[in-house]
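Below are the chains, spelled out letter by letter.
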Amino acid sequence: MKIAIIGGGPIGVEAALYGALAGQDVMLFERGRIGENLRSWGHVRLFTKWERNRSPLSLRLLSERGDSLAAAEVCPTGDELADYLQRIISLPALRSHIVPQCEIMSITRDCTLKSDFWNDARRARSPFRLVTKGIGGERVRYFDAVIDASGVYTSPNFAGSGGAPCPGESSLKNSIDYAIPDVSGRDKNRFWNKHALIVGAGHSAASTLLAIADLMQQSSKTRVTWVVRRNSASTGEIYRLDPNDIASGRRKLGERANLLAKHPQVDLRLQTQVQSIEKHAGRFVVRLSDNTSVDCDTICAHTGFRPDETLWRELQIAPHPATGAPAWQLADYLNAANAKAGVGLSTGYAEKLEEFQRPENIADLDSRDLLRLPEPNFVVLGIKSYGRDAGFLMQNGFRQVRDAYQLLLNDYSLDLYGPDF
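We now turn to the structure provided with this report. The model shown is predicted, which means the values in this text are computed figures rather than measured ones.

Attention now goes to the overall build of the protein chain. The helix and strand inventory of the protein chain stands at nine helices and 15 strands. The burial tally for the protein chain puts 51% of its 421 residues in the buried class. The long-range fraction of contacts in the protein chain, counting pairs at least 24 apart against all pairs at least 6 apart in sequence, stands at 68%. By element, 48% of the accessible surface of the protein chain is carried by carbon and sulfur atoms, the whole surface being about 18,800 Å².

This next bit is on the pairing of strand β12 (residues 283-288). Of the two faces of β12, the one holding Phe-284, Val-286 and Leu-288 is buried and the one holding Arg-283, Val-285 and Arg-287 is not buried anywhere. In this sheet, β12 lies alongside strand β11 (residues 274-280) in antiparallel orientation, the contact comprising six bridges. Across the sheet, residue Glu-278 finds its bridge partner in β12, namely Val-285. Across four bridges, β12 lies against strand β13 (residues 293-296) in antiparallel orientation. Across the sheet, residue Val-286 finds its bridge partner in β13, namely Val-294.

Let's shift gears to the nonpolar core. A general tendency of soluble globular proteins is for nonpolar side chains to be buried together. With 70 residues, the main nonpolar core has Ile-5, Ile-88, Ile-107, Ile-147, Phe-378 and Tyr-405 as its most contacted residues. Formed by 25 residues, the second largest nonpolar core is a distinct cluster that contains Val-183, Ala-206, Ile-212 and Tyr-239.

What follows concerns the environment of Arg-223. Mapped onto the elements of the fold, Arg-223 is located in strand β9 (residues 223-227). When sequence neighbours within four positions are dropped, the list of residues in contact with Arg-223 reads Lys-194, His-195, Ala-196, Met-216 and Gln-265. A distance of 3.4 Å separates polar atoms of two side chains, one belonging to Arg-223 and the other to His-195.

With 14 residues, helix α6 (residues 203-216) should cover 20 Å at 1.5 Å per step; its first-to-last C-alpha distance of 20 Å lies within 8% of that length. Taken together, the buried positions of α6 are occupied by His-203, Ala-205, Ala-206, Ser-207, Thr-208, Leu-209, Leu-210, Ala-211, Ile-212, Ala-213, Leu-215 and Met-216.

This part takes up the packing of helix α3 (residues 56-65) against helix α4 (residues 78-89). Axis separation between α3 and α4 bottoms out at 10 Å; the angle between their running directions is 70°. Regarding the angle of α3 to α4, the classification is roughly perpendicular. Between α3 and α4, the contacting residues are Ser-58, Leu-59, Leu-62 and Arg-65 on the first element and Tyr-84, Arg-87 and Ile-88 on the second. A class-by-class count of the residues in the contact of α3 with α4 yields four nonpolar, one polar and two charged.

This paragraph deals with the pattern of salt bridges. Tallied over the entire structure, the rule returns 21 salt bridges. Linking Asp-83 and Arg-39 is a salt bridge whose minimum nitrogen-to-oxygen distance equals 2.7 Å. Of the two residues, Asp-83 is situated in helix α4 and Arg-39 in helix α2 (residues 36-40); the sequence distance between them amounts to 44 residues. Accessibility expressed as a relative area gives 25% for Arg-39, which makes it partly exposed. Of the charged contacts in the structure, one is a salt bridge between Arg-123 and Glu-375, with a shortest N-O distance of 3.0 Å.

Let us now look at the sheet that holds strand β5 (residues 128-134). If you walk across this open sheet you meet the three strands as β4-β5-β6, and the pairing is antiparallel. Across the chains shown, the open sheet's two edge strands, defined by having one partner strand only, are β4 (103-109) and β6 (137-143). Across the sheet, the mean angle separating the axes of adjacent strands is 20° when strand polarity is ignored. Here six bridges tie β4 to β5, and the two strands are oriented antiparallel to one another.

Procedures and definitions
Residues numbered from 1 in each chain as written. Predicted model: local features only at pLDDT ≥ 70, side-chain atom pairs only at ≥ 80, totals over all residues. Heavy atoms only, no water. Helix = DSSP H or I, 4+ residues; strand = E, 2+ residues; numbered from the N terminus. Buried < 20%, exposed > 50% of the residue type's maximum accessible area, 1.4 Å probe, protein only. Contact = heavy atoms within 4.5 Å. Areas by Shrake-Rupley, 256 points an atom, 1.4 Å probe, with all protein chains shown as cover. Pairing = 2+ DSSP bridges. Core = buried A, V, L, I, M, F, W, Y, C linked by side-chain atoms within 4.5 Å. Polar contact = N/O pair within 3.5 Å; in protein donor to acceptor, adjacent residues only side chain to side chain. Expected span 1.5 Å × (residues − 1). Axes fitted to C-alpha atoms, helices over the stretch in contact; angles between N-to-C directions. Parallel < 35°, antiparallel > 145°, perpendicular 65-115°, else oblique. Nonpolar A, V, L, I, M, F, W, Y, C, P; charged D, E, K, R; others polar. Salt bridge = Lys/Arg side-chain N within 4 Å of Asp/Glu carboxyl O.

Structural data, given as structure tokens:
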């Protein structure tokens, strides 16, 4: 089967490796360098250990080659994970299967419109037609199947009320930190003895807050206004802590952030929305819904990410109305899981396959069914498959890779990981 894989992150590279070793004709396209998005937050350490961020397949192949690998119990940084991907693509199995610096411009069915053959197997008779743009210009390529593992990191949510850009945000977006800044490293001068505004109450917001807190210990002039759209829990905590969270680093992050909410240099604003953003003489003026304005030096809009639906526009795929995820069964499963866990969307505690029992109102689906889309032979994997839900874990993405190939090849016995994974 000729399969195009979009995205050179951890799940895209894994999908390429798995497909190549399964004897398929795979081609991975990455519009930048392999692992480039990981490099943009390379200073950040993951919540989970290496043992949950390496698949049995890649680990076995690299070990057989004699590579020296980090200990399983260590949590890697984004840079270290990107370095690991470089090792994987250097394996002989992936030789000639990786196309970096090549962007996918569009995906369609050859000579078939989006409106043709609704819910009809005849769509699969027309190959996917991809227009790519690389160093040699634009060209057309044809594939039997497509795996979209392009992630969400380049599509941040806006800071404005209701998720839309507030007045002034669009024109100033290049001056706003939607990604996690390197507070203790290259970006230190923007935070040292400065006033930062953090919007959001996810793990990115907690990470930035904790990094700035280290500067607070050295300078009383370093301070934060922390804008949280929702209210705190009945216990007064911003972060609900799950004692059974398999990502213990995530739990520790929440514990420390809850304590910092009461720090004298942190001005916490609960149930508050960003109404407008202006910039005068190098400083931001942010108007909030509590009828106050904040003058600050930096804005960290850590309001999550969403999938870019552009590539699906001419395919029979409709985003879920709540999450924006392409697979509605997976989206409904995650929403029900969040509800049962007592947390909201994007808090990241829902999907723990080892421990979580599906709620009674969700059918006992085969995990492969969670990836099925109306468009034949098209699957979306990784964090993009979760839409706006931040509960994705790398190990779940590896399982998705296995499920995807079993679906595409209609071979439910195909398992390159082993029954214990």
